[in-house]
Amino acid sequence: MSAAAAVGGELAVATVAAKSYLPHARVLARSLRERHPHVPFYVALTDEVEGCFDPAGEPFELVPIAALGIPDLRRFVFRYDRREVAVAAKAFVLGHLLERGFARALFLDADTWVTAELSPLFDALEQRSILLTPHLVEPARGPDAARRELTIVAAGAYNGGVVGVRRAREARRFLAWWQARLLEHCELAPARGLHHDQGWDALVPALFDDVGLCRDPGVNVAYWNLPERPLERRGGEWLAGGRTLRLAHFS
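Quick notes on the rules
Residues numbered from 1 in each chain as written. Predicted model: local features only at pLDDT ≥ 70, side-chain atom pairs only at ≥ 80, totals over all residues. Heavy atoms only, no water. Helix = DSSP H or I, 4+ residues; strand = E, 2+ residues; numbered from the N terminus. Buried < 20%, exposed > 50% of the residue type's maximum accessible area, 1.4 Å probe, protein only. Polar contact = N/O pair within 3.5 Å; in protein donor to acceptor, adjacent residues only side chain to side chain. Pairing = 2+ DSSP bridges. Axes fitted to C-alpha atoms, helices over the stretch in contact; angles between N-to-C directions.

**Here's the deal with the environment of D81**
Structurally, the position occupied by D81 is in the loop between α3 (73-79) and α4 (82-99). For D81, a relative accessible area of 43% corresponds to the partly exposed category. Along the chain, D81 and E187 lie 106 residues apart, while their C-alpha atoms are 9.2 Å from each other. A polar atom in the side chain of D81 sits 3.1 Å from the backbone nitrogen of R83. Polar contacts involving the side chain of D81 include one to the main-chain amide nitrogen of E84, which spans 2.8 Å.

Here is the structure:
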């Protein structure tokens, strides 16, 4: 049996969103359910329901931001803008899922769309304690290749929209460090080397053991790697660079 078929209660997927971003989270939730109906999906809400929607009618389980264990939550939500809150909270939602007893936890940005089984990600989390996805998995192509690669250097080698952890000591060390950094330094400030979480993510393979990289070209396909992974529709299936498109990121 493949990992994609075997997963269930031991694995969970989550995202973070404000109310204004819930339409994205709903699309993600439904696309995940279509491919992995037994994998629970959680949305950490960064603001209040305020009667704007019925959590019981959503295709996900809602987690209030107050449940994530963020220190000095009031200061956290007022010192950052809406996007920064959502980005910084991802490290805490992953920790929250491990505390709930899940053996593996995968974070996906709310603006992603599951188009095929996520077995490369799930399988990798069986082998590694920490999972990252590179922005690029091959040298950039075209006349602007160097410029595009320099943009990635500035933004961070790894994309923060897909991050996974397995319940293990090294993953907990990573999350404690990541949470501390994002609690105070999750800003878009290129002059100081900060691109929200991604400047910090670049350090992870050097600072921690048991780090895996998902280099499947069908995972985390977005504008920054489309020249190397052109999309096409063949026989009812979406392909990226000739490989199955599994996760599109509408960043």
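So much for the structure itself; the text now carries on.
**A few points about the sheet that holds strand β5 (residues 112-114)**
Strand order in the open sheet formed by 3 strands is β5-β15-β11, and the pairing between neighbours is mixed. The sheet terminates laterally at β5 and β11 (219-221), the two strands that pair on one side only. Each strand axis lies, on average, 25° off the axis of its neighbour in the sheet, ignoring direction. Pairing between β11 and strand β15 (residues 247-249): 2 bridges, direction parallel. What sits directly across from V219, in β15, is L247.

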